[in-house]
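Chain residues, written in single-letter form:
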Amino acid sequence: VRFGESMVTLGGFAAASVGQLLVLLRCTAVLHGRMPGSTAATTVASLADLLGEDGDVAVEIAGHRPDSEWPCPPATFARYLDYVRRAVELVDHHPQGDH
């Protein structure tokens, strides 16, 4: 991770983007006919079988949104990026049709 030495920068990137990720996850849950949840934890849980059990990283980052100086460890940020990648791939591979 390029900014691995600046964990506050990683935390800022992650915390600033996790809201958009949660919107994507809620919409994806609806596309799959599931209840999207109203919290980060319930939203992630609604797609756990499709995205894997590592969704706790998104929940963890969502919990740090109010903290503008949160130092995100590089390993956590890498897990988050992988989770985002899987979420995007799930949407990209969703069958199109009469939805």
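Details of the structure are given in the entry above.
So, here's what we can say about the structure.

1. Considerations on helix α5 (residues 74–92)
Given a rise of 1.5 Å per residue, 19 residues ought to cover 27 Å, and the 27 Å separating the end C-alpha atoms of α5 matches this to within 8%. For α5, every residue scored as buried is listed here: Thr76, Phe77, Tyr80, Tyr83, Arg86, Ala87 and Leu90.

2. What to know about helix α1 (residues 7–31)
The terminal C-alpha atoms of α1 lie 35 Å apart, and with 25 residues this matches the ideal 36 Å at 1.5 Å per residue to within 8%. Along α1, the helix axis deviates most sharply at Val18, where the bend reaches about 35°. Those residues of α1 that sit buried are Leu10, Gly11, Ala14, Ala15, Val18, Leu21, Leu22, Leu25, Thr28 and Ala29. In the core, the buried residues of α1 are packed alongside α2 (40–46), α3 (48–51), α4 (56–62) and α5.

3. Side note on the side chain of Arg86
Position of Arg86 among the secondary structure elements: in helix α5. In this structure Arg86 touches Leu51, Gly52 and Asp54, once residues within four positions along its chain are discounted.

4. Concerning the pattern of salt bridges
Applying the stated criterion to the full structure yields seven salt bridges. Among the salt bridges present, the one from Arg34 reaches Asp49, with a minimum N-O distance of 2.5 Å. Remark: Asp49 occurs in helix α3 and Arg34 occurs in the loop between α1 and α2; sequence separation between them is 15 residues. Given a relative accessible area of 56%, Asp49 falls into the exposed group. For the salt bridge of Arg85 with Glu89, the shortest nitrogen-to-oxygen distance reads 3.0 Å. With a gap of four residues between them, Arg85 and Glu89 both fall in helix α5, about one helical turn apart. On the basis of relative accessible area, Arg85 is assigned to the partly exposed category, the value being 39%. Look at the salt bridges and you will find they share partners, linking Asp54, Asp56, Arg79, Asp82, Arg85, Arg86 and Glu89 into a network.

Definitions and limits used
Residues numbered from 1 in each chain as written. Predicted model: local features only at pLDDT ≥ 70, side-chain atom pairs only at ≥ 80, totals over all residues. Heavy atoms only, no water. Helix = DSSP H or I, 4+ residues; strand = E, 2+ residues; numbered from the N terminus. Expected span 1.5 Å × (residues − 1). Buried < 20%, exposed > 50% of the residue type's maximum accessible area, 1.4 Å probe, protein only. Bend = angle between axes of the 7 residues up to and from the residue. Contact = heavy atoms within 4.5 Å. Salt bridge = Lys/Arg side-chain N within 4 Å of Asp/Glu carboxyl O.

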